[in-house]
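Each chain, letter by letter, is given below.
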Amino acid sequence: ISPIAREKVVKNVRDGMIVVDTDDRIIEINPAGRKMINVGTSVVGSTVDETLSLPESKAAYEALTETIDTSTQTVELGDIYYHIEATPIHDGRQRHVGWLFLLHDVTEQKRHERELEGQIEQLDEFATLVSHDLRNPISIATGYIEQVRLTEDLPYLDNIERATARME
């Protein structure tokens, strides 16, 4: 049952899974992977260079495979973002024989991040505006408090009250 279960998992997982050998040939690709890189079923046996059409995807492949270490990268391909993890594959003698690439669509996460960044910018602008608008009435109130202390002239309290009402 194990090979059947493994095949079911690979075919039905939402993340793209691509296996590439050391000659840059695609050895295996699951349906999600084919959809993510927009290729048909005949891609197995093709080279990565023949298969990947966008310069960004080729550059990501080169960056992820420049060392024989597990590495990750988030790549923007048009209006879609993929988080890609490249894991080296070793045979029984610990020789490097290829790569396993896991592709995870993070477009929604990136969209939320951009929305949050926009909201943070708006809050910063609002805080700056409020801060600026409060400085003047606070300065006026502080000045009148000093006048009351120096002169004990209580009518200045009316001015302080107006300044604090303005702040509210």
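See the structure shown above.
All values derive from a computational prediction rather than experimental measurement.

Analysis parameters
- Numbers given for residues are sequential positions, taken from 1 along each chain in its written order.
- Whole-chain, interface and lining totals are the exception, using all residues; otherwise, since this is a predicted model, local features are given only for residues with pLDDT of at least 70 and side-chain atom pairs are given and counted only at 80 or more.
- The side-chain quantities take in all heavy atoms of the structure and omit both hydrogens and water.
- Using only the protein atoms, space was sampled on a 1 Å grid; points where a 1.4 Å probe fits but cannot get out form cavities, open sets with protein on both sides within 12 Å along at least five of seven lines form pockets, and lining residues are those with an atom within 4 Å of a point.
- Grid points are joined across faces, edges and corners, and a volume is the space filled by probe spheres set on the points.
- Numbering of helices and strands starts at the N terminus; helices are DSSP runs of H or I of at least 4 residues and strands are runs of E of at least 2.
- In this classification, Asp, Glu, Lys and Arg are treated as charged, Ala, Val, Leu, Ile, Met, Phe, Trp, Tyr, Cys and Pro as nonpolar, and every other residue, Gly included, as polar.
- Grouping into patches uses exposed residues only, defined as over 30% relative accessible area, and leaves out salt-bridged ones; the cut-off is 9 Å for like charges and 5 Å for nonpolar side chains (Val, Leu, Ile, Met, Phe, Trp, Tyr).
- Method for areas: the Shrake-Rupley scheme with a 1.4 Å probe, in which residue coverage is limited to the protein chains shown.
- We count a salt bridge whenever a side-chain nitrogen from Lys or Arg sits within 4 Å of a carboxyl oxygen from Asp or Glu.
- Positive charges are assigned to Lys and Arg, negative charges to Asp and Glu, while His and the chain termini are left out of the count.
- Where a charge lies is defined by one atom per residue type, namely NZ (Lys), CZ (Arg), CG (Asp) and CD (Glu).
- Burial classification: accessible surface area is computed with a 1.4 Å probe over protein chains only, and a residue below 20% of its type maximum counts as buried, one above 50% as exposed, and the rest as partly exposed.
- When DSSP finds at least two bridges between two strands, those strands are taken to pair.
- Axes here mean lines fitted to C-alpha atoms, for a helix over just the part in contact, with angles spanning 0 to 180 degrees between N-to-C directions.
- We call two residues in contact whenever any of their non-hydrogen atoms come within 4.5 Å of each other.

## So, the layout of surface pockets
Working step 1: Within this model, the largest pocket holds a volume of roughly 330 Å³.
Working step 2: As for the largest pocket, its lining consists of 16 residues, and the residues nearest its centre are Lys-35, Met-36, Ile-37, Asn-38 and Tyr-82.
Working step 3: Of all the secondary structure elements, the ones that give two or more residues to the lining of the largest pocket are helix H2 (31-36) and strand E4 (80-90).
Working step 4: Broken down by element, the residue count for the lining of the largest pocket peaks at 3 residues, all from H2.
Working step 5: Each residue belonging to the lining of the largest pocket can be placed in one class, and the counts come to 9 nonpolar, 4 polar and 3 charged.

## Some thoughts on a negative patch on the surface
Working step 1: Together, Glu-117, Glu-121, Asp-124 and Glu-125 line one region of the surface with negative charge.
Working step 2: With respect to the helices and strands, Glu-121 occurs in helix H5 (residues 107-151).
Working step 3: The exposure class assigned to Glu-121 is exposed, which follows from its relative accessible area of 52%.

## Looking at the sheet that holds strand E3 (residues 71-77)
Working step 1: Here 5 strands make up an open sheet; going across it, the order is E2-E1-E5-E4-E3 and the pairing antiparallel. Here the strands that pair on one side only, and so sit at the sheet edges, are strand E2 (26-29) and E3. Between one strand axis and the next, the sheet turns through 25 degrees on average, direction left out of account.
Working step 2: On the sheet, helix H4 (residues 55-64) packs against strand E1 (16-21), E3, E4 and strand E5 (96-105) and is oriented at approximately 175 degrees with respect to E3.

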